[in-house]
Amino acid sequence: MKRRNFVNSLIASSAVLIAGNLTVSAAQYVKKDNPTAVALRYVENAEQAERGEKMGVPGEEQICANCRFYKDPQADAAGCSLFANQLVPAEAWCAGWVPLA
Ligand code: SF4
């Protein structure tokens, strides 16, 4: 491979990596008017929701951070299996909440 081709290939690879990172960092938080969010009574702050006991867990203990669908329990915000390619805050909640296994 000629030097020029190698450099062009390196630049193209870097652009792909940068584009990939932009995709991750560009993830949007779930919006309140998202139809799934509305249907599941999603709130950004779980304390704003009326949460009943579910599977033995009192409502006041239910937040995204301890939900089975939350993708990174250590993060302040992460993806949720019910909201593809979007973020939810750790302290959010929706009616789809299910305890960690
Ligand atoms: Fe949060 Fe779980 Fe509802 Fe997703 S399914 S928004 S992680 S409570």
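Refer to the preceding data block for the structure.
Just so it is clear, the structure is predicted and the values come from calculations on it, not from any experiment.

Explain the pairing of strand 2 (residues 77–80) to me, please; I cannot follow it from the model alone.
In the case of a regular strand, side chains alternate between the two sheet surfaces. By the bridge criterion, 4 bridges tie strand 2 to strand 3 (residues 83–89) in an arrangement that is antiparallel. Opposite Cys80, over in strand 3, you have Phe83 as the bridge partner. Hairpin connection of strand 2 to strand 3: 2 residues between the antiparallel strands.

Explain empty space enclosed by the protein to me, please; I cannot follow it from the model alone.
Empty pockets left among the atoms are what a rolling probe the size of a water molecule brings to light. If you walk through the whole model with that rule in mind, you get 1 cavity of 30 Å³ or more. Counted as a void, the largest cavity has a volume near 90 Å³. Lining the largest cavity are 13 residues, and of these Cys64, Cys67, Phe69, Cys80 and Cys94 sit closest to its centre. Split into classes, the residues belonging to the lining of the largest cavity amount to 12 nonpolar, 1 polar and no charged.

Scoring rules and cut-offs
Residues numbered from 1 in each chain as written. Predicted model: local features only at pLDDT ≥ 70, side-chain atom pairs only at ≥ 80, totals over all residues. Heavy atoms only, no water. Pairing = 2+ DSSP bridges. Helix = DSSP H or I, 4+ residues; strand = E, 2+ residues; numbered from the N terminus. 1 Å grid on protein atoms, 1.4 Å probe; cavity = no way out; pocket = protein on both sides within 12 Å on 5 of 7 lines; lining within 4 Å. Points joined across faces, edges and corners; volume = space filled by probe spheres on them. Nonpolar A, V, L, I, M, F, W, Y, C, P; charged D, E, K, R; others polar.

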